[in-house]
Amino acid sequence: PLEFKGMDIRSFLEEEHPPIISINQFLIEGTFNVLYGEAGVGKSRLAYELATCLAVKETFINKFQTFIQKKVLYIDCELPASQVQERFKKALSAHPNAVMPTNNLFVLDKEKIKTELGEHLNLFDKDHVERLFPVLQKFDVIFLDNFNSMHLRSEEHTSELQSHSFISYAVFCLKKKTKTNSN
């Protein structure tokens, strides 16, 4: 059986635990981040730009330096594929010297999700989560956009969706790299 052994606070505070920073002063690995605000203020456009910068290792909004190139998955459950395509074209065009991130930036749009799952993505559906989990593990950064569109589709959450319809989200998380054993 696994034994839990805590560390006294003095020992814990004396240890060094430097954060692994992906973008200077902005994103730290192992964190969960939410862009939150009213619909139409540009959260998704900002998220598209951020996803692109992480995948091509470019400066984000001309201020935040990207230190480590990341393997990024962008899941857009709201826009049709044509609009997702246009937004990524715009984000990539802002970095003309960047190499096209064919192995670092991947997209799942709402039509592809519906084809794969047979319905809209519902994060309350255990089957959906189990089917997505092996895919998600392959990426360093995962963007989930629009969170309302993917987690409040079931009938039991319809009233909750209606009460929050003026708010939308772009959610992204950075996975901590796990140490691999070389033995």
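Look up: the structure comes first, before these words.
Keep in mind the model is a prediction, meaning the values are calculated, not measured.

**Regarding unusual backbone geometry**
Thinking step 1. Positioned with a positive phi, lysine 57 is a non-glycine residue whose angle comes to about 55°.
Thinking step 2. By the element assignment, lysine 57 lies in the loop between α2 (43–56) and β4 (72–76).

**Considerations on the side chain of arginine 87**
Thinking step 1. Relative to the elements of secondary structure, arginine 87 occurs in helix α3 (residues 81–93).
Thinking step 2. We note that arginine 87 is buried and unpaired, the nearest opposite charge coming from aspartate 145 at a distance of 5.4 Å.
Thinking step 3. Those residues in contact with arginine 87, other than ones at most four positions away along the chain, are Ser44, Arg45, Tyr48 and Leu79.

**Observations concerning the packing of aromatic side chains**
Thinking step 1. Throughout the structure, instances matching the rule amount to six aromatic pairs.
Thinking step 2. Where phenylalanine 106 meets phenylalanine 139, the ring centres are 5.4 Å apart and the plane angle is 70°; that geometry is what we call edge-to-face. Of the two residues, phenylalanine 106 is situated in strand β5 (residues 105–109) and phenylalanine 139 in the loop between α5 (126–136) and β6 (141–145); the sequence distance between them amounts to 33 residues.
Thinking step 3. Ring pairs connect the aromatic residues Tyr48, Tyr74, Phe88 and Phe143, which therefore count as one cluster.

**So, the nonpolar core**
Thinking step 1. In this structure, Ala51, Leu54, Val72, Tyr74, Phe88 and Phe143 are the most contacted members of the largest nonpolar core, which totals 19 residues.
Thinking step 2. Mapped onto this core, the elements with two or more residues apiece are α2, β4, α3 and β6.
Thinking step 3. No other element matches the seven residues that α2 contributes to this core.
Thinking step 4. Those residues within four positions of alanine 51 in sequence are excluded, and the remaining contacts are Val72, Tyr74, Phe88, Leu105 and Phe143.
Thinking step 5. Cys77, Leu132, Phe139 and Leu144 belong to the second-largest nonpolar core, a separate cluster that totals 11 residues.

**Some remarks on the pairing of β6**
Thinking step 1. In terms of burial, β6 is a largely internal element, five of the five residues being buried.
Thinking step 2. Side-chain alternation along β6 places Val141, Phe143 and Asp145 on one buried face and Ile142 and Leu144 on a second face that is also buried.
Thinking step 3. Sheet analysis places β4 next to β6, joined by five bridges and oriented parallel. Residue pairing in the sheet places valine 72 in a bridge with valine 141 of β6.

About the cut-offs
Residues numbered from 1 in each chain as written. Predicted model: local features only at pLDDT ≥ 70, side-chain atom pairs only at ≥ 80, totals over all residues. Heavy atoms only, no water. Helix = DSSP H or I, 4+ residues; strand = E, 2+ residues; numbered from the N terminus. Buried < 20%, exposed > 50% of the residue type's maximum accessible area, 1.4 Å probe, protein only. Lys, Arg positive; Asp, Glu negative; His and termini not counted. Salt bridge = Lys/Arg side-chain N within 4 Å of Asp/Glu carboxyl O. Contact = heavy atoms within 4.5 Å. Phe/Tyr/Trp six-rings, centres within 6.5 Å; stacked < 30°, edge-to-face > 60°. Core = buried A, V, L, I, M, F, W, Y, C linked by side-chain atoms within 4.5 Å. Pairing = 2+ DSSP bridges.

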